[in-house]
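# Geometric and topological summary
Read off the chains here:
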Amino acid sequence: MDLIIKNGTVVTACDTFAADIGVLNGRISAIADAINADSKTKMIDASGHLVMPGGVDVHTHLDTPGLLADTEDDFLSGTIAAAHGGTTTIINFCPQIKGRGLLDSLAEHRSRADPKAVIDFALHAIVSDPSERTLAELSALPGEGVTSFKLFMAYKGDTMVDDGTLIRVLHEARANGALVMVHAENGEAVEYLRDSFAGQGKLSPRYHALSRPPRVEAEATARAVALAELVGASIYIVHVSCSEALEEVVRGRQRGVAVHAETCAHYLHITDAVFEAPGFEGGKYVFTPPPRARHQPKIIWDAIARGDLEVVSSDHAPYNFHGGKDIGRDDFRQIPNGAPGIEERMMLVWQGVANGDLSPNRFVDLVATTPARIFGLYPAKGTIAVGGDADLVIWNPDVRRRLTQADLHSAVDYTMFEGMEVLGAPETVISRGDIIIRGGVFTGAAGRGRYIHRGTASSWSRPAKLEAQRS
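We now turn to the structure provided with this report. What you are looking at is a predicted structure, and each value in this text was computed from that prediction instead of being measured.

Cut-offs used in this document
- Residues numbered from 1 in each chain as written.
- Predicted model: local features only at pLDDT ≥ 70, side-chain atom pairs only at ≥ 80, totals over all residues.
- Heavy atoms only, no water.
- Axes fitted to C-alpha atoms, helices over the stretch in contact; angles between N-to-C directions.
- Helix = DSSP H or I, 4+ residues; strand = E, 2+ residues; numbered from the N terminus.
- Parallel < 35°, antiparallel > 145°, perpendicular 65-115°, else oblique.
- Left-handed = near helix turned anticlockwise from the far one by under 90°.
- Contact = heavy atoms within 4.5 Å.
- Nonpolar A, V, L, I, M, F, W, Y, C, P; charged D, E, K, R; others polar.
- 1 Å grid on protein atoms, 1.4 Å probe; cavity = no way out; pocket = protein on both sides within 12 Å on 5 of 7 lines; lining within 4 Å.
- Points joined across faces, edges and corners; volume = space filled by probe spheres on them.
- Core = buried A, V, L, I, M, F, W, Y, C linked by side-chain atoms within 4.5 Å.
- Buried < 20%, exposed > 50% of the residue type's maximum accessible area, 1.4 Å probe, protein only.
- Expected span 1.5 Å × (residues − 1).

## A look at the packing of helix α7 (residues 214-231) against helix α8 (residues 243-254)
Between α7 and α8, whose axes approach to 7 Å, the crossing angle comes to 15°. On the basis of the axis angle, α7 is roughly parallel to α8. For α7 against α8, the interelement crossing comes out right-handed. For the pair formed by α7 and α8, the contact residues are Pro214, Arg215, Glu217, Ala218, Thr221, Ala222 and Val225 on the first element and Glu244, Ala245, Glu248, Val249 and Gly252 on the second. Its residues assigned to classes, the contact of α7 with α8 shows six nonpolar, two polar and four charged.

## Thoughts on empty space enclosed by the protein
Counted under the stated rule, the structure contains four cavities of 30 Å³ or more. Approximately 70 Å³ is the volume attributed to the largest cavity. In this structure, the largest cavity is lined by 13 residues; those nearest its centre are Glu344, Leu408, Ser410, Val412 and Tyr414. When its residues are assigned to classes, the lining of the largest cavity shows six nonpolar, five polar and two charged. Approximately 40 Å³ is the volume found for the second largest cavity. Forming the walls of the second largest cavity are Cys94, Pro95, Gln96, Leu102, Ser105, Leu106, Ala125, Ile126, Leu141 and Val146.

## Some remarks on the nonpolar core
Core analysis: the largest hydrophobic core is formed by 104 residues, its most contacted members being Leu166, Leu170, Val182, Ile237, Phe363 and Trp395. Discounting residues that sit within four places of it in the chain, Leu170 has contacts with Val180, Leu227, Ala228, Val231, Ala233, Ser234 and Ile235.

## Focus: unusual backbone geometry
The peptide bond linking Thr288 to Pro289 adopts the cis configuration, its omega dihedral lying at -10°. Along the polypeptide, Pro289 turns up in the loop between β12 (259-264) and α9 (296-306). Looking along the chain, the bond that leaves Tyr378 and enters Pro379 is cis, with omega of 5°. Turning to its location among the elements, Pro379 is positioned in the loop between α11 (360-374) and β14 (392-402).

## Considerations on the side chain of Asp391
As for its position among the elements, Asp391 is in the loop between α11 and β14. Setting aside anything within four residues of it in sequence, one finds Asp391 in contact with Met52, Pro53, Gly54, Thr88, Thr89, Lys381, Ile430, Ser431 and Arg432.

## A few points about α8
With 12 residues, α8 should cover 16 Å at 1.5 Å per step; its first-to-last C-alpha distance of 16 Å lies within 8% of that length. What α8 keeps buried is the set Ser243, Glu244, Ala245, Leu246, Glu248, Val249, Gly252 and Arg253. Looking one or two residues past α8, Gly256 carries a phi angle of roughly 95°, positive in sign.

## Some words on the packing of α8 against α9
Packing of α8 against α9 brings their axes to within 10 Å, and their N-to-C directions diverge by 25°. What the angle tells us is that α8 and α9 run roughly parallel. Only Gln296, Ile299, Ala303 and Arg306 of α9 make contact with α8, whose side of the interface consists of Ser243, Glu244 and Leu246. Here the residues of the contact of α8 with α9 are counted per class, giving three nonpolar, two polar and two charged.

Quick look at the structure:
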């Protein structure tokens, strides 16, 4: 064997047990009570630590151009940050380049990612220029390993699509075994509220949140689920932030619609109280959907505990505060929309374990196993099993760490969690058998990450709760 991890406690989405893990040629080759090694085999002693699958973050925006600014992390700095946080696989959004097709945009994105990524990655296709040529190309994407398409119901004048486009893409996705992901906000309502506040001279960051209240998210969620129901397609609602939208997800499932839904780590810890900070500090928290009222995080925590929300992603969209966010200092409409979190994600979700609200198994399910299942990466990714990729995290559940921008590894110049103390963090991260993080030091290399051709919807599982409802 090339590597043996000894004396750890293995944690998967369904089991916890003491075992050694053997690795050969980048894959898990043995799981046993005791594995002996020769003098050439690398050894890691995981005594007192948990050995878990590497994290799978299915919602990232690395190397992404925007109307107001480009994201700060490319595939090198962004995947290094992900690895430091325990994530060994990402699925990044591939924007459609205006005036160019989806396949052309995919090739362009790959050309930037392939030489830089330090962990394995896959891509979602964003459909933002829905010409007949674009829609005709959807059927070709699964052949390129892209089995998920994203549409925005918000951002009028930029990426927003109408209901006609959404229903046509749902139809194509169903025919080709793909999954449609939807950013669910009523873009027309948001535009009306933004213009109303601006007309009254209300331009500080708090009006970003007030112009996108829970009801605009809930209405669009209900509409997206209804259109999927009409077509008979599966749908994935990204970044659910509030009880109002969550209710529409649950209602859809009760009607038998195949609805998947995620939340993001920041909705578990951040509320609209951030907009009470002095000066322009609130600009750091302009992301969409926005931070919600103080009662909402508890509702989101409860939803992930009981399975109504299946995945916790980062929605890592890193814009610098200085020279980025602050271009909208005088008008919230000009603040680049998004926030960093790719490195913090797993530590933030683990706080649910530290607080007794989640089991370690449920943690693994949320940050690795279910995202891998839904997006066609499982069982190579997202679990610990013989034959699977040796993507592993050795986790110290007892270490205390204070999150600061100075100690994190994204290229962005702030963290939304500055000064927050967390209990539990990764110590060693292994990607396909290579130790890429050890003791907080990156030991990988640019370009070692591989592009993943993902499976189609026929290989994905539905949540047990949904299966019971459908039967």
